[in-house]
Amino acid sequence: MGALLREIRDTPLLWMLVFVPIVLVADAAAPHSHTLLFVLAVLAIVPLAALLSHATETVAAKTGDAVGGLLNATLGNLTELIIAITALRAGQYMLVKASIAGAIVTNAIFMLGACLLIGGMRYHVQEYNRAGARLSSGLLLMATVALLAPSAVADLEHLPQGGGVLHKLSVGISMLLIVAYALGLWFSLGTHKELFASADHGEHEEAHWPIGVAVGTLLVVTVLVALVSEIFVESVQKAAETFGMSPAFVGFIIVSLVGAAAEFAVAFAAARKDRLDMVVSIALGSASQIALFVAPALVLLSYVVGPTPMNLQFWPGAVTMVMIATVTATFITTSGRSAWFVGALMIFIYAVFALTLYVVPPAGQE
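Residues numbered from 1 in each chain as written. Predicted model: local features only at pLDDT ≥ 70, side-chain atom pairs only at ≥ 80, totals over all residues. Heavy atoms only, no water.

A few words now on the overall build of the protein. If you tally the helices and strands in the protein, you get 14 helices and 2 strands. Looking at the 366 residues of the protein, the share that counts as buried comes to 51%. Within the protein, contacts between residues at least 6 apart in sequence are counted, and of these 85% link residues at least 24 apart. Accessible area for the protein stands at about 16,300 Å²; split by element, carbon and sulfur atoms hold 68% of it. (Helix = DSSP H or I, 4+ residues; strand = E, 2+ residues; numbered from the N terminus. Buried < 20%, exposed > 50% of the residue type's maximum accessible area, 1.4 Å probe, protein only. Contact = heavy atoms within 4.5 Å. Areas by Shrake-Rupley, 256 points an atom, 1.4 Å probe, with all protein chains shown as cover.)

This paragraph deals with the confidence of the model for the protein. Of all residues in the protein, 87% have pLDDT values of 70 or greater, and the mean over the chain is 82. When mean pLDDT is taken per element in the protein, helix H14 (residues 340-359) scores highest with 93 and helix H4 (residues 65-75) scores lowest with 53. (pLDDT = per-residue confidence, 0-100.)

On to the pattern of salt bridges, then. Applying the stated criterion to the full structure yields 2 salt bridges. Among the salt bridges present, the one from Glu 230 reaches Arg 89, with a minimum N-O distance of 3.5 Å. Separated by 141 residues along the polypeptide, Glu 230 in helix H9 (residues 211-243) and Arg 89 in helix H5 (residues 78-89) bring together distant segments of the chain. Under the relative-accessibility criterion, Glu 230 is labelled partly exposed at 28%. (Salt bridge = Lys/Arg side-chain N within 4 Å of Asp/Glu carboxyl O.)

If you check the backbone angles, Asp 274 has positive phi at about 65° while not being a glycine. Looking at the secondary structure, you find Asp 274 in the loop between helix H11 (261-272) and helix H12 (276-305).

A cluster of nonpolar side chains, contributed by Met 121, Trp 340, Phe 341 and Leu 345, occupies part of the molecular surface with about 450 Å² of accessible area. At 3 residues, H14 tops the list of elements feeding residues into the nonpolar patch. Here Trp 340 is to be found in helix H14. (Patch = residues over 30% accessible without salt bridge, like charges linked within 9 Å, V, L, I, M, F, W, Y side chains within 5 Å.)

Turning to the packing of helix H8 (residues 164-191) against H12, a few remarks are in order. Running from N to C, H8 and H12 point in directions that differ by 135°, and their axes come no closer than 8 Å. The angle between H8 and H12 falls in the class oblique. Note on packing geometry: the crossing formed by H8 with H12 is left-handed. Here H8 contributes His 167, Ser 170, Val 171, Ser 174, Leu 177, Ile 178, Ala 180 and Tyr 181 to the contact with H12, which in turn contributes Gln 289, Ala 291, Leu 292, Phe 293, Pro 296, Ala 297, Val 299, Leu 300 and Tyr 303. Its residues assigned to classes, the contact of H8 with H12 comprises 13 nonpolar, 4 polar and no charged. (Axes fitted to C-alpha atoms, helices over the stretch in contact; angles between N-to-C directions. Parallel < 35°, antiparallel > 145°, perpendicular 65-115°, else oblique. Left-handed = near helix turned anticlockwise from the far one by under 90°. Nonpolar A, V, L, I, M, F, W, Y, C, P; charged D, E, K, R; others polar.)

If you check helix H13 (residues 316-332), its first and last C-alpha atoms are 24 Å apart, about what 17 residues at 1.5 Å a residue would give, namely 24 Å. Buried residues in H13 make contact with helix H6 (93-122), helix H7 (130-153), helix H10 (247-259), H12 and H14. (Expected span 1.5 Å × (residues − 1).)

Rendered as structure tokens:
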């Protein structure tokens, strides 16, 4: 426990853990103060995501490359997954789909762009392994094409009414995406792992917690994230109305930024140390995880925990933004070199998306 307490003491972000008991008490004392509960839940989820990320890294480091890669794949986006499952149980499918699309765009455009800007302000030109970037962007592009299919055929006149065909198509695509994700892990961690070796930048490996502390933290924080996510989802609709935001904007921007807070901290630190291989792996790897694993997993889970099955039909604006983000990230990372202005341009693209979604919400979300 000493290692955990020292981590909390030395990390200002983790001081925000004080909001976890505050939001739980506030929910019991004033369950109808939706705006207050929304703000407190956001403030509580951020440090919990940071703890979850650190515990995951420790467990992954102790289990070797193959199992560690699988753990990072399944637990790296656990915060977003828990929030989405909670919304799924509540039947808030617009929030779920917005959080999926938003997480892809936020990781591929905002996180990567911010890291390139931060690193570029310190180093004139930065270089990274193009093989890892090509794999992640290739997987992401394939997943984006798969996510386009249900939206592309949804309005065809000859389709039977009731959405049965879309549900069958979504389930089939979900299974294909999960298989593709597993093959991508096998390729990068098994058969061709030598292609993805990172350059040595002289950084010492970060000290990890004892495995018992990491596993215990993982279990406790997962439960706390689930509790706080329940409060977040219950309050989000009323709070969004108070702030003039649609559920689509909250899912696309707020949930994706909050859920990825821990990954932001790690990626920004790596960018300042000229470790762009890690940055690209975190940003594009996380985006491809959302598209290839989290999204299809939520579709399949909706048959178990949701009031009705969920499909992969996104509103046209979300599909467009995901495709633009994927193509932009793929184009940017082909050279293996970067400077600060590239990152600035990517942040402006993300700002355009956010402004558009705030001013012009999807149909039925005004």
